[in-house]
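# Overview (structure and organization)
In case you want the letters, here they are:
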Amino acid sequence: MKGVFTKHMKKLGLSTQILIGLVLGALIGYLFPDFGDKLKPIGDAFLRMIKMIVVPLIFSTLIMGIAGTGDFKKLGRLGGKAIIWFEFATTIALAIGLIFMNLAQPGVGVTLTASSAGAADVANASQHSVDLVQYAVHIVPTNIIDAAARQDMLQIIFFACFFGVGVAHIGESGKKIVDLCHSVAEAMFKVTGYVMHIAPIGVFAMIAYTVGSYGIAMLIPLGKLIASVAAATILFICVIALIASLLTRINFFHVLKAIKDILFLAFSTASSEAALPLAMERLSQLGIRKNIVTFVMPTGYSFNLDGSTLYSSAGILFIAQLYGIDMPIEQQILVMLTLMLSTKGIAGVPGAGIIVVAATAAAFNLPTDGVAILLGIDRVLDMIRTVCNVCGNCMATVVVARWEGELPKDKFNAAYHALMGGKQTENDF
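Attention in this report is confined to the structure presented alongside it.

Cut-offs and rules
- Residues numbered from 1 in each chain as written.
- Predicted model: local features only at pLDDT ≥ 70, side-chain atom pairs only at ≥ 80, totals over all residues.
- Heavy atoms only, no water.
- Helix = DSSP H or I, 4+ residues; strand = E, 2+ residues; numbered from the N terminus.
- Contact = heavy atoms within 4.5 Å.
- Patch = residues over 30% accessible without salt bridge, like charges linked within 9 Å, V, L, I, M, F, W, Y side chains within 5 Å.
- Areas by Shrake-Rupley, 256 points an atom, 1.4 Å probe, with all protein chains shown as cover.
- Salt bridge = Lys/Arg side-chain N within 4 Å of Asp/Glu carboxyl O.
- Buried < 20%, exposed > 50% of the residue type's maximum accessible area, 1.4 Å probe, protein only.
- Axes fitted to C-alpha atoms, helices over the stretch in contact; angles between N-to-C directions.
- Left-handed = near helix turned anticlockwise from the far one by under 90°.
- Phe/Tyr/Trp six-rings, centres within 6.5 Å; stacked < 30°, edge-to-face > 60°.
- Lys NZ or Arg CZ within 6 Å of the ring centre and 35° of its normal.
- Core = buried A, V, L, I, M, F, W, Y, C linked by side-chain atoms within 4.5 Å.
- Expected span 1.5 Å × (residues − 1).

Our next topic: the overall build of the protein chain. Summing up its helical and strand segments, the protein chain has 22 helices and zero strands in all. Long-range contacts, defined here as pairs at least 24 residues apart, represent 83% of the contacts in the protein chain between residues at least 6 apart.

A contiguous nonpolar surface patch, about 870 Å² in accessible area, is contributed by Ile20, Val23, Leu24, Leu27, Tyr30, Leu31, Phe32, Phe35 and Ile216. Of the residues forming the nonpolar patch, the biggest block, six residues, is contributed by helix α2 (residues 14–31). With respect to the helices, strands and loops of the structure, Phe35 is situated in helix α3 (residues 33–38). Judged by relative accessible area, which is 44%, Phe35 ranks as partly exposed.

What follows is about the pattern of salt bridges. Applying the stated rule across the entire model yields five salt bridges. The partner of Arg282 in a salt bridge is Asp261, with the nearest N and O atoms 2.9 Å apart. Here Asp261 lies in helix α14 (residues 260–269) and Arg282 lies in helix α15 (residues 272–285), a separation of 21 residues in the sequence.

Within the secondary structure, Pro298 sits in helix α16 (residues 290–303). For Pro298, a relative accessible area of 36% puts it in the partly exposed group. Sequence separation of Pro298 and Leu276 is 22 residues, and the distance between their C-alpha atoms is 8.3 Å.

Close contact between helix α12 (residues 220–248) and helix α17 (residues 306–322) brings their axes to 10 Å; oriented N to C, the two are set at 145°. Read as a crossing pair, α12 and α17 show a hand that is right-handed. Between α12 and α17, the residues in contact are Pro221, Leu222, Leu225, Val229, Ala232, Thr233 and Phe236 and Asp306, Leu310, Ala314, Phe318 and Leu322, respectively.

The next point concerns the packing of aromatic side chains. Tallying each qualifying case throughout the model produces seven aromatic pairs. Consider the rings of Phe59 and Phe159, whose centres lie 6.1 Å apart with planes at 10°: the pair is stacked. Separated by 100 residues along the polypeptide, Phe59 in helix α4 (residues 40–67) and Phe159 in helix α9 (residues 153–168) bring together distant segments of the chain. When its relative accessible area of 28% is taken as the criterion, Phe159 is described as partly exposed. Here the aromatic rings of Phe158 and Phe162 are separated by 4.9 Å at their centres, their planes lie at 35°, and the arrangement is tilted. With Phe158 and Phe162 both in helix α9, this residue pair falls four residues apart, about one helical turn. By way of ring pairs, the aromatic residues Phe59, Phe159 and Phe163 are connected into one cluster. Directly above the ring of Tyr209 sits Lys40, whose terminal nitrogen or CZ lies 5.2 Å from the centroid.

Time to look at the nonpolar core. Core analysis: the biggest nonpolar cluster contains 60 residues, and Leu225, Leu366 and Leu374 have the highest contact counts within it. Ignoring sequence-local partners within four residues, the contact set of Leu374 consists of Leu225, Tyr311, Gly315, Phe318, Ile319, Ile354 and Val357.

Below, the discussion takes up helix α22 (residues 409–420). Relative to the 16 Å expected for twelve residues at 1.5 Å per residue, α22 spans 16 Å between its end C-alpha atoms, a close match to the ideal helical length. Among the residues making up α22, those that are buried are Phe412, Asn413, Ala415, Tyr416 and His417. Just downstream of α22 lies Gly421, where phi reads positive at about 75°.

Rendered as structure tokens:
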């Protein structure tokens, strides 16, 4: 009987198991609150396992992303234009995520109290006054080992960026370091996979504890968060498509229509990698030269994670709202700057969004207990942010092709109408 149960659980898939863990945890916490309280150590252990992954994973992937590109002098005009658009789009995504969360406030109304272990952090966060000059100085580490031990992500990112640039410019010797970082990253991908496989248990324990301690009403903000992230994502896609259309004089809503089936694939699989081959082929069919497609799309998967950055900014503010912690505008700007860097290079990591949120929450003294609450609905949020990631990189490829003069408007319109089986009109934007 046990073997049959295990077999059926494996067939369900990890995302379904997590949702089951969420529902069962809520029921146990509601029906047996005392028992739910006792499950907190299991949830805490799971959170600690997530946090132990953060430093080696982000450090190795950042160096791979920076040094692995090779000599920056050889990236040329194409790389420069791609990076400019990536950073612009990422900034827009972060800003929309924060603005929308400030307006919608899905975490307001059910205020939680952090665990006793995190009570001091909550007090620090709620009373924290940011000195921008001192904060900027603090970003520079005096000892990278000490920064790693304290999991100070800003200092780790600062050192990794400088180290990555140095590795990229020492030639053949640097390849050994890049290969080592690649091996470390691969190992951490495996470790992340192992940790995510016990996620249903961790979610079950944390939700049972949370509902047992605070009541079933605390689950209401989760539905509000999903609706808020979905609405913010739709708004971002529309805004970035409009800006790209004005800059390039190409109708980017036609681009969205041409890739709609690919976006559906990304949504249903929650996998950017699954959509990549079809997306690259579709962009080629729209008249974009393959050398641009094969450069911009893979690079964007490391440096242009619009959906992940939007979700991360929303997740951080949601945790602050959930625990009644006020985050002033200057602190939210620092969150934006942190996420601009910490979301780079980990697109293929299972549960990457949760890892980034956990790391950033810790860096800003927010209770990491809220991370497990987010994990309960992470599958749905992952589907939304994956669509945004794929869509953002497809639009970035078209923008760069236009800036390079490799995609005349007439060529795009003709390719679009041939692809869609329609006739070209004179007013295609």
